[in-house]
Amino acid sequence: MLLFFPSAQLTPFSRSRNKGLVIRIKGVEHTIPDADYPQITTRSEDTLTTEKTVWDGAGYPTTETLKEKADRKLQENLQILEDNLSGKSSKTTTLGKGAGPYAEVQKRLVPYASESGDVLIVETLSNDVILIENNTDANFYVLQNQRLSSLLCINCKNCKISALDSAVIASRTCRLIDCDNCTFIFEDVDVRKVECFRTTNCSIIFIGDEVVLENSRVIWREGCQNNTVNQGVMTVTTSAVRTQHRLTRSIPVPPTTINCQLCTTLYPVQHMHNLNIVDKTASGTPVITEAGLSLITELTPFTMNSLPGDERWNSSIPTAEDILQSLATLREAPFTLTKKDLRDIYDTERMEYEEPLEVVAEKAKEIALMMKAAKHCVLYSGAGISTSGGIPDFRGPQGVWTLRDKGLHVGGKDICGASPTLAHYAVTELARKLLIRFVITTNMDGLHLRSGLPNHLLVELHGCCYKEWCSGCGKYFMRAYDVAEGTNTREHWTKRRCNFCNTQLQDTIVHFSETYRSQMDPMTAMYHSRTADLAIVMGTSMCVQGAASYPDKVLKNPGGKMVIVNLQNTPYDKLAAVRVFARTDTFMKALLTALEITEFDQQTDCIQQWDENMS
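Criteria and cut-off values
- Residues numbered from 1 in each chain as written.
- Predicted model: local features only at pLDDT ≥ 70, side-chain atom pairs only at ≥ 80, totals over all residues.
- Heavy atoms only, no water.
- Helix = DSSP H or I, 4+ residues; strand = E, 2+ residues; numbered from the N terminus.
- Buried < 20%, exposed > 50% of the residue type's maximum accessible area, 1.4 Å probe, protein only.
- Arc of directions from axis to C-beta.
- Contact = heavy atoms within 4.5 Å.
- Pairing = 2+ DSSP bridges.
- Axes fitted to C-alpha atoms, helices over the stretch in contact; angles between N-to-C directions.
- Parallel < 35°, antiparallel > 145°, perpendicular 65-115°, else oblique.
- Left-handed = near helix turned anticlockwise from the far one by under 90°.
- Nonpolar A, V, L, I, M, F, W, Y, C, P; charged D, E, K, R; others polar.

A. Up close: unusual backbone geometry. Each neighbour pair has its own omega, and for Gln545 with Gly546 the value is 5 degrees, a cis peptide bond. Unusually for a residue other than glycine, Asn201 sits at a positive phi of about 60 degrees. With respect to the element layout, Asn201 can be found in the loop between β18 (193–197) and β19 (203–207). Relative accessible area serves as the criterion here: at 36%, Asn201 is assigned to the partly exposed category. With phi around 60 degrees, Asn226 is a residue other than glycine that occupies positive phi space. Within the secondary structure, Asn226 is located in the loop between β20 (217–221) and β21 (227–237).

Here it is, written out as C-alpha cells:
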C-alpha cells in the first residue's frame, strides 16, 4: 500500500524522559510536562519505521516513515504552543481584501500512478488537480475529508477509483477519458458533473442519500460503450477504505457517437434516465438539444473551473481533445507556489476570519429584510453555533480534525456540561415569532432542544446524545445524560430496554460512513429544504455530505436565496446571496437588533424537564 503526504519543514524540539516536551522558542527553552501535553497516538515500532511515498510541496515524490510523519505533525503545532505561551489569542484574523473565495489559487497538477495495489490520496489542497493516468489493476482512494480541485482519470484499465465519505471536490467535476473496465465510486460526495469520453465497460456508482444523489449528472461522449450507472447504499464499514455497498438501482447507457451524446440524470433518484443532449441536424451537423442547454444552465452555478480554459464551456460541452489540450497547458505552466505558499494555502482554507462589527450589522439588516419577506425560512446549524458553549468544532484552527491531523488531542467540556448559547436561544425566539419555520442541524449536542426549540421544528441529522429509541415499537426516550456513554462505537446498544415492548434501546448517533438511523429525518429535512425560499446556514464549513447538500435546494425555487454565516470559507460561498464572516453569537446579536428584538428568554434549559418518555 502506498501513502501520499505533502511534506513540511521541521522545527527543533526534544523530549526529556523525566521532564516532558522541551521546545526552544526564540532562543528560550520551555518545558511542557507530559501530563499537560497532548500525546500523539502510540504505534508499534514496525509501523513507525514503515516507508511510504510522499508528495512534497511541488508535487515530486520523496520518502518518509510514519514516525517522521508523526514528528512532523508535532512541529506544525509549535506555533500554537508559542501563541499560548506568549498569551496571544487564537488564530482568528480580521477579514480584509486578501480573503479570497474558496479555491481561487494557482492550480497544481498532482499525478498518481501505481503498477498494482492500493493508493491512498490524502492531505490534498483545493487547488490540486488529481490526475490518475496510465494505470492497470490498481485501486485509488480519495480519503474522507480531503479537498481537491478536480479528478481526472485517463487511459486506465481494470482500476477502481473511489472518492470516499465527504471528500470535497471544489469544482464538483470529474473527467474520465479512454478508460476500460474501471469502477468509479462516489460515496457521499457532491460531484455535479462526471464527463466520460471513449469509456468502455465502466461502472459509475453513486453511494449516498437522495439529497446528494439527485445532484449528479453523467455526460457520455465520443464512443462510450457498455457502461452502467448505479445507485447504492453503504452496508458495512470496516476501515477507512474497506466499505461494502449494496446496489439499489442500475441503468445501462446506450452507445454514444459524436452525433449522439447522452446525459444520465439521477433526478429524481427513483427514475434514473438517459437524456439526449447532442443531436444532429438534417445536414449532419451536431447541435446541443434543448435538454442539453437546460443541463448547462442547471450545472453552471454549481461547478467551478479546474483546468485552463474551462470558462469556455459555460455555454457548451467540451470534447476530449479540448480537455487534453487544457491539461497540456496546465502541465507546461510553471508552478510558482513554494512549500511555504502551499502551507499558507492549507492554513488559509481553515483560517477563521471576522468582519468588522459595523459590516456584520449592515449585513444583518439585509438578512432581516429577507426573513420578513420569506414564507418558509429554514435555518441550518453546525458545530460553530455551540463553540461558545464549550463544545469544540471540527475543522476550525482548534477543531477536532485539525488538531488530530497535528497529532494532538482537543480539549473541551463534557457534552452534558455545555449550555445553550445566545445563538441557540435566538434561534428559538425567531422560531417563536415565525421568522424561522424549521431548523436542521448536524449537531448531536441537543442544545437546540435544551434552549426550548420544539422537537417538531427540528431535525437532528446526526442524532442527539440525549435521545435513544426503540427499534421494536419506534418509541423515543429523552434522558438527562449522554445515552451513548459506555456504548461501543457503531454498535449503538445502550444496555437499556424499552418500558413498552422490552426491546433493547439504541442511541441515535450517526458516525462517519453510516447511513441515517431514521429515514424520517432525511425525508423531513428534504421536504423543508425543497419548500424553503430562504436558507440560513450558520456555524458549519459545509464539507460533510449529505448534510451540506440540503441548503442549496433553495436555489431551485423561484426567488430562493441562501445566506452563509461562518468564520471559515466554505465550498458553497459563491452561491450565497449574503456571506457573513462572524461568530454565530455576534451575528445573532446584530440580527436581533435589526429585527428590533430586545428581550428574549436565555434562561430555559429543558434538560431539567425531560422525563423518561418522549412520543
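There's more to say after this.
B. Structural detail: helix α5 (residues 290–299). Within α5 the residues assigned to the buried category are Gly292, Leu295, Ile296 and Leu299. For α5, the angular spread of the buried residues around the axis is 95 degrees, confining them to a single face. With respect to the buried face of α5, the exposed residues turned more than 90 degrees away are Glu290 and Thr297. Residues of α5 that are buried make contact with β18, β20, β23 (261–265), β24 (273–280) and β25 (286–288).

C. Up close: the sheet that holds strand β30 (residues 467–470). Read from one edge to the other, the open sheet built from four strands follows the order β31-β30-β33-β32, with strand pairing classed as antiparallel. The open sheet has two edge strands, β31 (476–478) and β32 (493–497), and neither has a second partner. Strand-to-strand, the axes of this sheet are offset by a mean angle of 35 degrees, without reference to chain direction. Looking at chain direction, β32 and strand β33 (residues 504–507) are connected through two bridges and run antiparallel. Bridge pairing in β33 places Trp493 opposite Gln506.

D. Spotlight on the pairing of strand β34 (residues 534–538). Burial analysis of β34 places five of its five residues in the buried class, which makes it a mostly covered element. Neither face of β34 is exposed, since Leu534, Ile536 and Met538 on one face and Ala535 and Val537 on the opposite face are all buried. Strand direction decides the pairing type here: β34 and strand β35 (residues 561–565), joined by five bridges, are parallel. Across the sheet, residue Val537 finds its bridge partner in β35, namely Ile564.

E. Geometry of the packing of helix α8 (residues 357–373) against helix α13 (residues 584–594). Two elements in contact, α8 and α13, have axes separated by 8 Å at closest approach and are oriented at 55 degrees. With respect to their mutual orientation, α8 and α13 come out oblique. Where α8 crosses over α13, the handedness of that crossing is right-handed. Judged by residue contacts, Leu357, Val360, Ala361, Ala364, Lys365, Ile367, Ala368 and Met371 of α8 engage Thr586, Phe587, Ala590, Leu591 and Ala594 from α13. Per-class residue counts for the contact of α8 with α13 are eleven nonpolar, one polar and one charged.

Function cannot be inferred from these measures alone, as they are strictly geometric.
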